[in-house]
Amino acid sequence: MIEYRTLRVALLGAGSVGSQVARFLLEDGDELAKRAGAKLELVGIAVRDPEAPRDTDLPKHLFTTDADALILGADVVIELMGGIEPARTLITQALDRGADVITANKALIAHHGPELFELAERVGAQLLYEAAVAGAIPIIRPLRDSLAGDRVNRVLGIVNGTTNFILDRMHTLGESPEEALRIATELGYAEADPTADVEGFDAQQKAAILASIAFHTTVSVDEVQREGITGITSQHIRDAARSGYTIKLLSVCERAVTESGEAAISARVHPTLVPNDHPLAAVHGGNNAVFIEADAAGDLMFYGAGAGGVETASAVLGDLVTAVRRHVLGGRGLSASMHLQLPMLDSDRVLTRYLISVEVNDQSGVLAELAGIFSARGVSLATLEQSIPVQTALDAPAADAAEQPEAEGSVAPRATLIIGTHLATEGALKAVVEDLRQSAAVRAVTGVLRIERGA
Ligand code: NDP
Ligand code: HSE
């Protein structure tokens, strides 16, 4: 019989994810010990309120409010509290003492990753964060390790389960965003402050993490362009569906070549029109999916649960086994390679496609005027669809519609034009939208969404 040594595990947080990690540790400890090569003793669980009801039945004696004391003497610290402080200080203290740290905290990794990785490297410990991006889906390790010999050109994905859940329910059930968010919160998908989900901050942090690993470059959160889903109305959803698209909040990280032939990168998060036959359009509920385009490997897709306590606990436990194996085998922890430090491409120079909906007077000369606006900015049209809308309450102009003042005595019937562009720079496309807003031929710009441009 193998004699395993015992490693002390301190758990910080017992919410949606932490309570499941604790349950697995207590229920499957023997099996984990065999896989990891050491016994794992859960020495305590730090929470704010030890008396608060938990998702699972956990032994009361394990709970404490003294996280500082709990991490003393721990071999591995699992941080599942979320937020920046006290998580940052506790992780720093744990690494300083040589403990390995596992976290699912994307906010912390995205904002303070470099200083924490530097500390981990200095002391030879490991800081593992597989659960920080895309919940249960293995994506950090494949990018960092499995693709270490390849060149990644693009990482494109749905990395926020809450917004995917909301958009999916708006598309498939016609549900309101408020009701869908309420259910996502009940399911444990949403952040403590769901603004982080719906305004795209969570996806922005994840994009910064993915771009940093994929391009061996420190990408800060502020360098990721961000737009959330709060501007998406039921009308946008119906228009998208009519044109053969599904709206998804995508994180897009790309390598590009500048006019001078230099490599540069970009990262952005925004609602995107995905063609209905694109695999990302079929990602439903709280699921996530990440596409990677690499030189040698070609296209890879990773799909699965992007949020949820039990699902995310799987990624945390995978990191735990990795950390424990290092303790058993000895040696230093792996560090992320950030040696390239590529420049960020100016956001106006990023190439994309737009689908623009405008309400115009249905009269001669309008199309010619609009075509002139696009051509003056060097933007080529790919598709044009016209409809004479039947006015119903649901077809009222979207909240973001910047309607022109009604011309006195105007009797011209209205028509809606949905214009899809070819690839153009973000700067030129934004200028086109501004010109349309100023045009006398346009009554309102009722929708502007980017179209996933494909590989
Ligand atoms: P919860 O809000 O459900 O739980 C947080 C836990 O941390 C609670 O047990 C809380 O204690 C404890 N806690 C918070 N602040 C303190 C503090 N100052 N001192 C002591 N304990 C504290 O969070 P989740 O489980 O949802 O998320 C945890 C982490 O995992 C976050 O970083 C999140 O972004 C990440 N994550 C979450 C996913 C999900 O689907 N939920 C998926 C992927 C990542 P108490 O219970 O007493 O209030
Ligand atoms: N709030 C996050 C989401 C949890 O909805 O994806 C997973 O990181």
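Structure report, in brief. Everything numeric in this text was worked out from a predicted model, so none of it was measured.

Some details on empty space enclosed by the protein
Step number 1: Within this structure, the stated rule accounts for four cavities of 30 Å³ or more.
Step number 2: Within this model, the largest cavity holds a volume of roughly 90 Å³.
Step number 3: In this structure, the largest cavity is lined by His-236, Asp-239, Ala-240, Leu-273, Leu-355, Ser-357, Thr-446, Gly-447, Val-448 and Leu-449.
Step number 4: Elements with a minimum of two residues in the lining of the largest cavity: helix H11 (234–242), strand E13 (351–361) and strand E17 (442–451).
Step number 5: Ranked by residues supplied to the lining of the largest cavity, first place goes to E17 with four residues.
Step number 6: When grouped by side-chain class, the residues that make up the lining of the largest cavity number five nonpolar, four polar and one charged.
Step number 7: One number sums up the size of the second largest cavity: a volume of about 60 Å³.
Step number 8: Every residue lining the second largest cavity is counted, 13 residues in all, and those nearest its centre are Arg-154, Arg-268, Thr-352, Ile-451 and Glu-452.
Step number 9: The set of elements that each furnish at least two residues to the lining of the second largest cavity consists of strand E7 (152–158), strand E9 (245–257), strand E10 (263–275), E13 and E17.
Step number 10: Here the residues of the lining of the second largest cavity sort into five nonpolar, three polar and five charged.

Concerning the pattern of salt bridges
For side chains bearing opposite charge, pairing can occur when the charged atoms are close.
Step number 1: Applying the stated criterion across every chain yields a total of 24 salt bridges.
Step number 2: Residues Arg-182 and Glu-179 are paired through a salt bridge, measuring 2.8 Å at the closest nitrogen-oxygen approach. With Arg-182 and Glu-179 both in helix H8 (residues 177–186) and three residues apart, this pair spans about one turn of that helix.
Step number 3: What makes Arg-182 partly exposed here is its relative accessible area of 41%.
Step number 4: Here Asp-239 ties to Arg-242 by a salt bridge, and the two come within 2.6 Å at their closest N and O atoms. Within this pair, Asp-239 and its partner Arg-242 are both found in helix H11, separated by three residues, close to a single helical turn.
Step number 5: The network of salt bridges with common partners includes Arg-154, Glu-254, Arg-268, Glu-293 and Glu-452.

Conventions and cut-offs
Residues numbered from 1 in each chain as written. Chains lettered and ligands numbered in written order. Predicted model: local features only at pLDDT ≥ 70, side-chain atom pairs only at ≥ 80, totals over all residues. Heavy atoms only, no water. 1 Å grid on protein atoms, 1.4 Å probe; cavity = no way out; pocket = protein on both sides within 12 Å on 5 of 7 lines; lining within 4 Å. Points joined across faces, edges and corners; volume = space filled by probe spheres on them. Helix = DSSP H or I, 4+ residues; strand = E, 2+ residues; numbered from the N terminus. Nonpolar A, V, L, I, M, F, W, Y, C, P; charged D, E, K, R; others polar. Salt bridge = Lys/Arg side-chain N within 4 Å of Asp/Glu carboxyl O. Buried < 20%, exposed > 50% of the residue type's maximum accessible area, 1.4 Å probe, protein only.

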